[in-house]
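Observations on the model geometry
Residue-level listing of the chains:
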Amino acid sequence: MSDQPDLTDDVRLARSEGLVASEVNGETVILSIERGHFFHLNATGSRIWNLLDAPMTVAALSAALSERFAVGIEECRRDVTEFVAGMLERGLLERV
């Protein structure tokens, strides 16, 4: 996945419209009806998805996950940025 230098701490993210999501055994399955694709998120990805029930900045998302998983904020921010960049590329999230 490419580095996202424009995905700064103040970028607000939200779930994209037109997706159907369901939690199964602590993991999330998302269906894009428009594209006809489905996506599977592990427990950590599901936590990100759940946090984005309301729009949130990259900084707030990173802080919440850093605290939840006891990971250093810089490492967490790198991982979050990479993960949400992939979700943006796949149309699961959008900038708001």
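This text goes with the structure placed above it.
Here we summarise the structure given alongside this text. Note that the coordinates shown come from a computational prediction; the quantities given were computed from them, not determined experimentally.

**Focus: the environment of Trp49**
Along the chain, the position of Trp49 falls in helix α1 (residues 43-51). Residue classification places Trp49 among the buried positions, given a relative accessible area of 4%. Sequence separation of Trp49 and Leu92 is 43 residues, and the distance between their C-alpha atoms is 9.5 Å. The contact partners of Trp49, leaving out residues within four places of it in the chain, are Arg15, Leu19, Ala21, Thr28, Ile30, Leu41, Met87, Leu92 and Leu93.

**A short note on the pairing of strand β1 (residues 12-15)**
One ladder, built from two bridges, connects β1 with strand β5 (residues 56-57); its direction is antiparallel. Paired with Leu13 across the two strands is Met56, which belongs to β5. With three bridges joining them, β1 and strand β6 (residues 93-95) adopt antiparallel strand pairing. Each residue of the ladder has a partner; that of Arg15, found in β6, is Leu93.

**Examining the packing of α1 against helix α2 (residues 58-69)**
Where α1 contacts α2, the two axes come as close as 11 Å, and the packing angle between them is 135°. Between α1 and α2, the angle falls in the class oblique. The crossing of α1 and α2 is right-handed. Contacts between α1 and α2 involve Thr44, Arg47, Ile48 and Leu51 from the first element and Leu61, Ala64, Leu65, Arg68 and Phe69 from the second. The residue inventory of the contact of α1 with α2, partitioned by class, reads six nonpolar, one polar and two charged.

What counts, and where the lines are drawn
Residues numbered from 1 in each chain as written. Predicted model: local features only at pLDDT ≥ 70, side-chain atom pairs only at ≥ 80, totals over all residues. Heavy atoms only, no water. Helix = DSSP H or I, 4+ residues; strand = E, 2+ residues; numbered from the N terminus. Buried < 20%, exposed > 50% of the residue type's maximum accessible area, 1.4 Å probe, protein only. Contact = heavy atoms within 4.5 Å. Pairing = 2+ DSSP bridges. Axes fitted to C-alpha atoms, helices over the stretch in contact; angles between N-to-C directions. Parallel < 35°, antiparallel > 145°, perpendicular 65-115°, else oblique. Left-handed = near helix turned anticlockwise from the far one by under 90°. Nonpolar A, V, L, I, M, F, W, Y, C, P; charged D, E, K, R; others polar.

Such coordinate-based values are descriptive only and should not be taken to indicate function.
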